[in-house]
Amino acid sequence: MKKIKMSFDEIKDNKDKFLETYGLVDMFKECGYTWDELIEIGEDYNSKRDSVFFNLIQNFIVEISKFTDVHSYRYRIKETDSLIAKIIRKGKSREEKITIDNYCSEITDLLGIRILYIFKEDYWSVNKQLMDKYKPQLAENIHLKLRDGDDQKTYQSLLSAYDVVVERNEAYRSIHYTIYSDPNNIISNPKIEIQTRTIFEEGWSEINHKLVYKNNSFPEIEKVSNILSELVGSCDTVSGLMQYLYNRVKDDNGTSKMVDDLDGKVNMLDTGNDSIGDVIRKFLS
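This structure is a prediction, so every number in the text was calculated from the model and none was measured.

Calculation criteria
Residues numbered from 1 in each chain as written. Predicted model: local features only at pLDDT ≥ 70, side-chain atom pairs only at ≥ 80, totals over all residues. Heavy atoms only, no water. Phe/Tyr/Trp six-rings, centres within 6.5 Å; stacked < 30°, edge-to-face > 60°. Helix = DSSP H or I, 4+ residues; strand = E, 2+ residues; numbered from the N terminus. Salt bridge = Lys/Arg side-chain N within 4 Å of Asp/Glu carboxyl O. Buried < 20%, exposed > 50% of the residue type's maximum accessible area, 1.4 Å probe, protein only. Polar contact = N/O pair within 3.5 Å; in protein donor to acceptor, adjacent residues only side chain to side chain. Contact = heavy atoms within 4.5 Å. Axes fitted to C-alpha atoms, helices over the stretch in contact; angles between N-to-C directions. Parallel < 35°, antiparallel > 145°, perpendicular 65-115°, else oblique. Nonpolar A, V, L, I, M, F, W, Y, C, P; charged D, E, K, R; others polar. Pairing = 2+ DSSP bridges. Right-handed = clockwise from strand over helix to strand, strands pointing away. pLDDT = per-residue confidence, 0-100. Expected span 1.5 Å × (residues − 1). Arc of directions from axis to C-beta.

**A short note on the packing of aromatic side chains**
What characterises a pair of aromatic rings is the spacing of the ring centres plus the angle enclosed by the ring planes. In this structure the tally under the stated criterion is 9 aromatic pairs. On the basis of an interplanar angle of 65° and a centroid distance of 6.3 Å, the ring pair of F54 and Y75 is categorised as edge-to-face. Separated by 21 residues along the polypeptide, F54 in helix α4 (residues 35–64) and Y75 in strand β1 (residues 72–77) bring together distant segments of the chain. Through a chain of ring-to-ring contacts, three or more aromatic side chains come together here, namely F18, Y22, F28 and W35.

Spelled out as structure tokens, the structure:
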């Protein structure tokens, strides 16, 4: 189901169409906001989105582009229609009302950056560079988002060094950092949500977002998505094994003895009934 977008000018002049298009008719009745309050927030955000906020996130991109072990990165600035819709959806469950004065601090994903790396183990290098640069600006604990069944031992360095909130969900794998965009942590400025994940995790996440997430997909599609997620986890594990083997050969200057030894260990992957995760853990033990 393709998402229908409405510009802010269209939203202002078509309240009923907006609410119906985004499935918010009943939620709006219970959200506790007047239409004028929502439009006031939208006016303020829309006036800053493509100028102030765009320049702000570009400054972070310039810094992140200098990081090592980063394969690529993307950024996103929330659309105005999505902001208004989110405020309506959250309205009933919030005690503190979102206003024109606090929406930048209360809505934590107005600005987003996604950092991709090749090997799962690269998370620590990227984490270290993020913390060296932005740790004083952390707005909340780091969140480690895993799928059910994922082994969190991979992230032991992160778990040992910081107070990390571990979440297991059906949506995606990622490490989330929410930071103040202002070095002085001025809450009137927007926060930035930084996500880091492998390129395999990103591929599955994009497919899942397009075909499953926020869409009324068939249960069969969700089942296949879960299978793909498991395969992605195995791909990350095997790529880590490849990196391990490469480093072993490189450190030993590529001698035939080391190569023969590694070839024998790689053959373990053909072992009958063991899962690929079990086999690799035996190999690395």
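**A word on the pattern of salt bridges**
With the rule as written, the count across this model stands at 21 salt bridges. Between K120 and E201 there is a salt bridge, with its nearest N and O atoms 2.7 Å apart. In this pair, K120 is assigned in the loop between β2 (111–117) and α7 (123–134) and E201 in helix α9 (residues 199–211), connecting sequence segments 81 residues apart. You'll find K120 and E201 in the same group, each marked buried. Residue K120 is joined to D236 by a salt bridge in which the shortest nitrogen-to-oxygen separation is 3.9 Å.

**Let's talk about the side chain of R197**
Structurally, the position occupied by R197 is in strand β6 (residues 191–198). For R197, a relative accessible area of 1% translates into the label buried. Side chain to side chain, R197 and S205 meet in a polar contact 3.2 Å long. If we ignore the near neighbours within four places in the chain, the residues touching R197 are R114, I115, L116, Y117, Y172, R173, S174, E202 and S205.

**So, the packing of α9 against helix α10 (residues 219–251)**
For the pair α9 and α10, interaxial distance at closest approach is 9 Å and the crossing angle is 170°. On the basis of their axis angle, the class for α9 and α10 is roughly antiparallel. Mapping the contact onto sequence places F200, E201, W204, I207, N208 and L211 in α9 and I221, S225, L228, S229, V232, C235, D236 and S239 in α10. Grouping the constituent residues of the contact of α9 with α10 by class yields 8 nonpolar, 4 polar and 2 charged.

**Some words on the pairing of strand β3 (residues 142–147)**
Of all 6 residues in β3, 6 are buried; the element is thus mostly enclosed. Across the two faces of β3 the burial is the same, with I142, L144 and L146 and H143, K145 and R147 all buried. Two elements, β3 and strand β4 (residues 164–169), share 6 bridges in a ladder whose sense is parallel. Within the sheet, the bridge partner assigned to I142 lies in β4 and is V164. Assessed by its sense of winding, the connection that carries the chain from β3 through helix α8 (residues 156–161) to β4 is right-handed. Two elements, β3 and strand β5 (residues 174–180), share 3 bridges in a ladder whose sense is antiparallel. Considered in β5, the bridge of L144 is made with I175.

**Looking at the pairing of β6**
Two faces belong to every sheet, and in a regular strand the side chains alternate between them. Here β6 lies mainly inside the structure; 8 of its 8 residues are buried. As judged from the 7 bridges shared by β2 and β6, these two strands associate in the parallel manner. Of the residues in β6, the one forming a bridge with I113 is I194. Examined bridge by bridge, β5 and β6 share 6 bridges and lie antiparallel to one another. Looking at the pairing, Y177 lines up with I194 of β6.

**Brief notes about the confidence of the model for the protein**
Taken as a whole, the protein shows an average pLDDT of 84; of its residues, 83% reach a score of 70 or greater. Taken element by element, the protein is modelled with least confidence in helix α11 (residues 256–266), mean pLDDT 51, and with most confidence in β2, mean pLDDT 97. Counting interchain partners and residues more than four positions distant, the pLDDT-below-50 stretch residues 268–273 has 8 contacts.

**Quick look at α9**
When the terminal C-alpha atoms of α9 are compared, their 19 Å separation across 13 residues agrees well with the 18 Å that a helix rising 1.5 Å per residue should span. Turning to α9, its buried residues number three or more, namely E201, E202, W204, S205 and N208. Buried residues of α9, seen end-on, are gathered within an arc of 165° and therefore sit on one face of the element. Elements that come into contact with the buried residues of α9 comprise β1, β2, β3, β6 and α10.

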